[in-house]
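Coordinate inspection notes
This is what each chain is made of:
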Amino acid sequence: MSAMSGDERRPRATIKDVAKAAEVSPMTVSNVINGRMQFVSAATKKRVEREIERLGYRRSSNARNLRVSEQRSIGMVIVDESPAFLADFFTCQVVAGLANVLNHADYTLTIQGMPGAELAQSMIMRNFEVAGFCAMISGPKPERLAAIARLADLNQPVVVFQQELPDAGAEICTVRQDDRGGGRLIGDHLLARRVADILVVIPHQPWPAVENRIAGIRDSIAAAGSTAEVTVLEADSESFADVQAAFAAYLDNHPLPGAVVGANDPVATAAMLLLTDRGVRVPEDIRVVGFNGFEAHRYARPHMTTVLSPAYAVGERAGQAMLARLKSGRFEQPDHVLPVVFDPGFTT
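All figures in this text were calculated on a predicted structure; none of them were measured in a lab.

**Here's the deal with the pattern of salt bridges**
Oppositely charged side chains are able to pair whenever their charged atoms sit close together. Counted according to the given criterion, the structure contains eleven salt bridges. Taking the shortest distance from any N to any O, the salt bridge between Lys-45 and Glu-49 comes out at 2.8 Å. Of this pair, Lys-45 and Glu-49 are both found in helix 4 (residues 42–55), four residues apart, which corresponds to roughly one turn of the helix. Between Arg-176 and Asp-335 there is a salt bridge, with the nearest N and O atoms lying 2.7 Å from each other. With Arg-176 in strand 5 (residues 172–177) and Asp-335 in strand 11 (residues 335–338), this residue pair connects regions lying 159 residues apart in the sequence. Asp-335 gets classed as partly exposed once you look at its relative accessible area, which sits at 27%. Salt bridges here are not isolated pairs; linked through shared partners, they connect Glu-164, Arg-176 and Asp-335.

Written out as structure tokens, the structure reads:
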């Protein structure tokens, strides 16, 4: 029996085997394998590499030599209760901007969407072979923060979209548009037209961006010393049918508000079409305002008042921040906020 055939019968060495031989933790071995040298001393790195070579450890049958191996993929985690998580205009624009930046740097993007309850056991969390994570997370704020903490526990750099995270730690960077500022622009616009009651229509599923838009409207009212009231109406989802069902039920039991603000343009469009079907004039009888200003809003008649989103640029900025972090070993800026622009449409 040849020596080679004897080697073939030996069990393949594991990370735990390497860690035991080098007298380090499995995480330290993982850091060396994945090139996270900021967490490992030069002496420890050499010791781990020596044991990897001695034990014949390989990540896979086609793994490259340890000294030239490098992860060239970023993981994108989207926590959304909807199976069609990429159908959202904002999400797909962010993903496009992120993917194109990574592609130009010869990185791939691995995307997985799931409800919040499935995050901990998702494949991308259990078997990550990526250099870092980007995350867009919905749900109640405590659940969002818990999900971000799980990602941080993987000891890899994380870029989080749309969520404010003061004191998030060195390995987390946030990239977001100024949703609260956009809410203030909407509030200022409506107050200047003496709107006294504002109905905000949102999906039941919480998103940090929508929370900030509502907070911005309230900021505007408070700053003006106005007595205008804000009522929040939840639809089962942001689908056309669910929005119209919730808004119709509201109109059947309440007087017409001075303005309707949609969580985004599709929500506002669904509300505006219901008003039109009922013979309510926009903007003469009621004002309708959307948010994000993607191409579809241009087809609404009358032209919709909205806030223009830099969603694609948000994705680009996240990709640039991640690539810079992988090169330098740290996030140079913990929080990136991109401005939004108010578009009054053709209303008066």
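**A few points about the packing of helix 3 (residues 26–33) against helix 4**
Describing two packed helices takes the angle between their axes plus the distance from one axis to the other. Axis separation between helix 3 and helix 4 bottoms out at 10 Å; the angle between their running directions is 90 degrees. Looking at the two axes, helix 3 sits roughly perpendicular to helix 4. Facing Thr-28, Val-29, Val-32 and Ile-33 of helix 3, the residues of helix 4 in contact are Thr-44, Lys-45, Val-48, Glu-49 and Ile-52. Each residue belonging to the contact of helix 3 with helix 4 can be placed in one class, and the counts come to five nonpolar, two polar and two charged.

**Focus: the nonpolar core**
In terms of nonpolar packing, the biggest core is built from 47 residues, with Met-76 and Phe-161 touching the most fellow members. If near-sequence neighbours (up to four positions away) are discounted, Phe-161 is found in contact with Met-76, Val-94, Leu-98, Cys-134, Ala-135, Met-136, Val-175, Val-314, Gly-315 and Ala-318. In terms of nonpolar packing, the next biggest core, distinct from the first, is built from 23 residues, Leu-199, Ala-235, Ala-271 and Met-272 among them.

**Observations concerning the sheet that holds strand 11**
Two modes of strand pairing occur in sheets, parallel and antiparallel, and in both the strands are linked by backbone hydrogen bonds. One open sheet accounts for six strands, arranged 2-1-3-4-5-11; its pairing is parallel. Whereas interior strands pair on both sides, the edge strands pair on one side only; in this sheet they are strand 2 (108–114) and strand 11. Each strand axis lies, on average, 15 degrees off the axis of its neighbour in the sheet, ignoring direction. Both strand 5 and strand 11 contribute to a ladder of four bridges, which runs parallel. When the bridges of strand 11 are listed, Thr-174 appears paired with Asp-335. Helix 12 (residues 311–328) rests against strand 1 (73–79), strand 3 (132–137), strand 4 (158–161), strand 5 and strand 11 of the sheet, and its axis sits at about 165 degrees to strand 5.

What counts, and at which threshold
- Residues numbered from 1 in each chain as written.
- Predicted model: local features only at pLDDT ≥ 70, side-chain atom pairs only at ≥ 80, totals over all residues.
- Heavy atoms only, no water.
- Salt bridge = Lys/Arg side-chain N within 4 Å of Asp/Glu carboxyl O.
- Helix = DSSP H or I, 4+ residues; strand = E, 2+ residues; numbered from the N terminus.
- Buried < 20%, exposed > 50% of the residue type's maximum accessible area, 1.4 Å probe, protein only.
- Axes fitted to C-alpha atoms, helices over the stretch in contact; angles between N-to-C directions.
- Parallel < 35°, antiparallel > 145°, perpendicular 65-115°, else oblique.
- Contact = heavy atoms within 4.5 Å.
- Nonpolar A, V, L, I, M, F, W, Y, C, P; charged D, E, K, R; others polar.
- Core = buried A, V, L, I, M, F, W, Y, C linked by side-chain atoms within 4.5 Å.
- Pairing = 2+ DSSP bridges.

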